[in-house]
Amino acid sequence: MCIRIAVVDELKTIAIWDPTEVTIYLDRGTHPHDLIRELHAILTIDLGAPHIPGAGLHCFCGERIELPGELTITTLPVGAAPL
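None of these values were measured; they are calculated from a predicted model. (Residues numbered from 1 in each chain as written. Predicted model: local features only at pLDDT ≥ 70, side-chain atom pairs only at ≥ 80, totals over all residues. Heavy atoms only, no water.)

### Quick notes on the confidence of the model for the protein
Using the following cut-off: Residue-level confidence of the predictor is summarised by pLDDT, bounded by 0 at the bottom and 100 at the top. A run of H or I in DSSP becomes a helix once it reaches four residues, and a run of E becomes a strand once it reaches two; helices and strands are each numbered from the N terminus.
Summarising the model, the protein shows a mean pLDDT of 82, and 84% of its residues fall at 70 or more. Here strand β1 (residues 4-8) stands out as the least confident element of the protein, with mean pLDDT 89; strand β2 (residues 15-18) is the most confident, with 92.

### Things to note about the nonpolar core
Inclusion rule: In this description, a nonpolar core means a group of buried Ala, Val, Leu, Ile, Met, Phe, Trp, Tyr and Cys residues linked to one another through side-chain atoms lying within 4.5 Å. Only protein chains enter the calculation, and the probe is 1.4 Å; a residue is then buried if its accessible area is under 20% of its type maximum, exposed if over 50%, and partly exposed in between. In what follows, residue pairs with any heavy atoms lying within 4.5 Å of each other are defined as contacts.
Grouped together as the largest cluster of nonpolar side chains are 16 residues, with contacts concentrated most on Ile3, Ile5, Ile24, Leu26, Leu39 and Leu43. Elements supplying a minimum of two residues to this core: β1, β3 (23-27) and α1 (32-46). Ranked by residues supplied to this core, first place goes to α1 with 4 residues. If we ignore the near neighbours within four places in the chain, the residues touching isoleucine 24 are Ile3, Arg4, Ile5, Ala6, Ala15, Ile16, Trp17, Leu39, Ile42, Leu43 and Leu47.

### As for the pattern of salt bridges
Under the convention used in this document: Whenever a carboxyl oxygen of Asp or Glu lies within 4 Å of a side-chain nitrogen of Lys or Arg, that contact is scored as a salt bridge.
Counting across every chain of the model gives 4 salt bridges. As a salt-bridge pair, arginine 4 and glutamate 21 come within 3.6 Å of each other at their nearest N and O atoms. With arginine 4 in strand β1 and glutamate 21 in the loop between β2 and β3, this residue pair connects regions lying 17 residues apart in the sequence. Given the relative accessible area of 36%, glutamate 21 is considered partly exposed. Between arginine 28 and aspartate 9 there is a salt bridge whose closest N-O contact spans 2.6 Å. With a gap of 19 residues between them, arginine 28 in the loop between β3 and α1 and aspartate 9 in the loop between β1 and β2 connect regions that are remote in the sequence. Overall, the relative accessible area of 36% leaves arginine 28 in the partly exposed class. A residue is classified by how much of its surface remains accessible, and aspartate 9, at 52% relative accessible area, is exposed.

Pasting the structure below:
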């Protein structure tokens, strides 16, 4: 994968692209739906990654991007739908 994903505390926004580090920083406290939406926008709009409906997130090289394990939801609130 060309792009690294890092989770940090207390960003001023949900996600930030750092071209120097080739890293997208994600705010740890963000709701997963908002985080995915912001990450998708950075990848497709800002970086020109392909948008493949239903196929998850992809790098601009076309390789699938996996989110860090610390962002994985282990339990869902009652009545919540999975991502």
